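# Examining the three-dimensional arrangement
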Amino acid sequence: MNSIDPSLTYAGQGNTAWNNYLKQLEKVSPFLGELSERLDMLRRPKRSLIVDIPVIMDDGTVRHFEGYRVQHNVTRGPGKGGVRFHPDVNLDEVMALSAWMTIKCAALNLPFGGAKGGVRVDPSQLSRRELERLTRRYTAEINLIIGPQKDIPAPDVGTNGQIMAWMMDTFSMNAGSTVTGVVTGKPVHLGGSLGRVKATGRGVYVSGREVAAEIGLELKDARICVQGFGNVGSEAALLFHDNGSKVVCVQDHSATLYQEHGIDVPKLIEYMQANKKIQGYAFNDEISNDAFWKVSAEIFIPAALEGVIDVDVAQTIDAKLILEGANGPTDSDADEILTERNITVVPDVICNAGGVTVSYFEWVQDFASYFWTEEEIYQRMDAIMVKAVHDVWHKSKQAGSTMRTAAYIVACERILNARKERGIYPG
Ligand code: NAD
């Protein structure tokens, strides 16, 4: 079965995020035995909703924004996945992100399927009132297909706890009662979980630490480059810094900062939080954006947007370990080059799964209306992450594959076996 059948509307054209996912999926097929016949289910999203979002702007004009919610697969439980507000959001990207959530939740053995949403908008260009109106109308438009038992959104690029609070409130107003479990990543006093904000970055560190030990890479003084210094990148950088590694290069949308002896990460975080960017922290140490991938380091952490590690980067990058904090940062052809060059990649579906793991805890706590301490959260999260990383590491050794393919094997076996047992309705 050809994965990229051009007659299907959901087959993306060219080097798109969705096609990248399809190529990754194809690599799993030879390892699945008779289950591979069922793989077609994962080559298409179960449900894709495109919505028009009219917003009354502060000057009284009406602007229309396009939004999406895609449920890629819900065989093992409700859809789970973030909502992205970014000017480049499109259906192809949201489909790919939703599929990666399917794989991620199954690879971690969380009782969720995969979903994702987004609105094509630059949130920095909206006032707070405009952003609230956009969020509430988007939520109302996707209201029918979300819910604590159906599909549970969360923050992603360009969204945060405040936006989740507005989504929760809008859903609750329509339901006639407070439904905290409809979204995760909420503020803690509204049913959010302790530890959620730092969870993804922490998971990047934990998975990196575990795999570094497997490949014999000493973390003390290891040089680290981090692309993206938001929620994920800054926390991962901080934990590596606190555990003795040297964060030598950080890039965000505004600048690329290089300090050979190691950046003072807590200070840079303070600066970034005050200025919303890293530019200007140390003008003399700023290098060109293109130079980021040419820095020599043991570990690279892409933690911004997808598709940044292409063939050119893969051919030249000087690293031992790549920790995919972002979703889909490495394109499929680049992946093969990295494998040939013996550079280990901890794939997004494992590496950045700390966030969804604590989102799962948030959902469980909301149902129970009983909340755990931060210590309990991290203890449980680390246990789930460490087990998943080692399951995937051992599967990769057994299959003779990359960790990405191994994660897909573990995930696809779980999903396809679940579908086999459930059967197809109507039978
Ligand atoms: P964020 O909005 O907090 O931060 C994004 C960072 O990327 C910012 O520092 C921004 O300046 C930087 N950036 C944007 N465009 C850039 C560019 N062109 N070049 C370099 N840097 C750029 O987002 P986040 O929550 O940290 O998410 C980052 C990535 O991690 C995304 O791919 C997201 O899907 C993924 N992710 C996030 C979570 C989570 O819990 N937040 C969970 C899983 C995966």
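Residues numbered from 1 in each chain as written. Predicted model: local features only at pLDDT ≥ 70, side-chain atom pairs only at ≥ 80, totals over all residues. Heavy atoms only, no water.

### Section: the packing of helix 1 (residues 17–26) against helix 13 (residues 403–422)
- Where helix 1 meets helix 13, the axes come as close as 9 Å, and the angle between the chain directions of the two elements is 80°. Overall, the two elements helix 1 and helix 13 adopt an arrangement that is roughly perpendicular. Each of Tyr21, Gln24 and Leu25 in helix 1 lies in contact with helix 13, whose residues at this interface are Arg404, Tyr408 and Cys412.
- When the residues that make up the contact of helix 1 with helix 13 are grouped by side-chain class, the tally is four nonpolar, one polar and one charged. (Axes fitted to C-alpha atoms, helices over the stretch in contact; angles between N-to-C directions. Helix = DSSP H or I, 4+ residues; strand = E, 2+ residues; numbered from the N terminus. Parallel < 35°, antiparallel > 145°, perpendicular 65-115°, else oblique. Contact = heavy atoms within 4.5 Å. Nonpolar A, V, L, I, M, F, W, Y, C, P; charged D, E, K, R; others polar.)

### Some points on the packing of aromatic side chains
- All chains considered together, the criterion is met by 13 aromatic pairs.
- Taking the centre distance of 4.8 Å and the plane angle of 90° together, the rings of Phe292 and Trp293 count as edge-to-face.
- A relative accessible area of 0% places Phe292 in the buried class.
- The class of Trp293 is buried, set by a relative accessible area of 10%. (Phe/Tyr/Trp six-rings, centres within 6.5 Å; stacked < 30°, edge-to-face > 60°. Buried < 20%, exposed > 50% of the residue type's maximum accessible area, 1.4 Å probe, protein only.)

### Considering the sheet that holds strand 6 (residues 223–227)
- Reading across the sheet, the seven strands line up as 9-8-7-6-10-11-12 and stay open at both edges, with mixed pairing between neighbours. Looking along the sheet, the strands with just one partner apiece sit at the ends: strand 9 (286–287) and strand 12 (344–346).
- Alignment of strand 7 (residues 246–251) against strand 8 (residues 256–258), held across three bridges, turns out to be antiparallel. Considered in strand 8, the bridge of Cys249 is made with Tyr258. (Pairing = 2+ DSSP bridges.)

### Some points on the domain arrangement of the chain
- Per the domain assignment, the segments making up the chain are domain 1 (45–190) and domain 2 (197–351).
- Of note, the centres of domain 1 and domain 2, computed from C-alpha atoms alone, are 27 Å apart.
- Opposite the twelve residues of domain 1 that make contact, domain 2 presents eight residues.
- Between domain 1 and domain 2, a total of about 790 Å² is buried, with carbon and sulfur atoms accounting for 59% of that surface. (Domains from an automatic or database assignment. Buried area = accessible area lost by both parts, 1.4 Å probe.)

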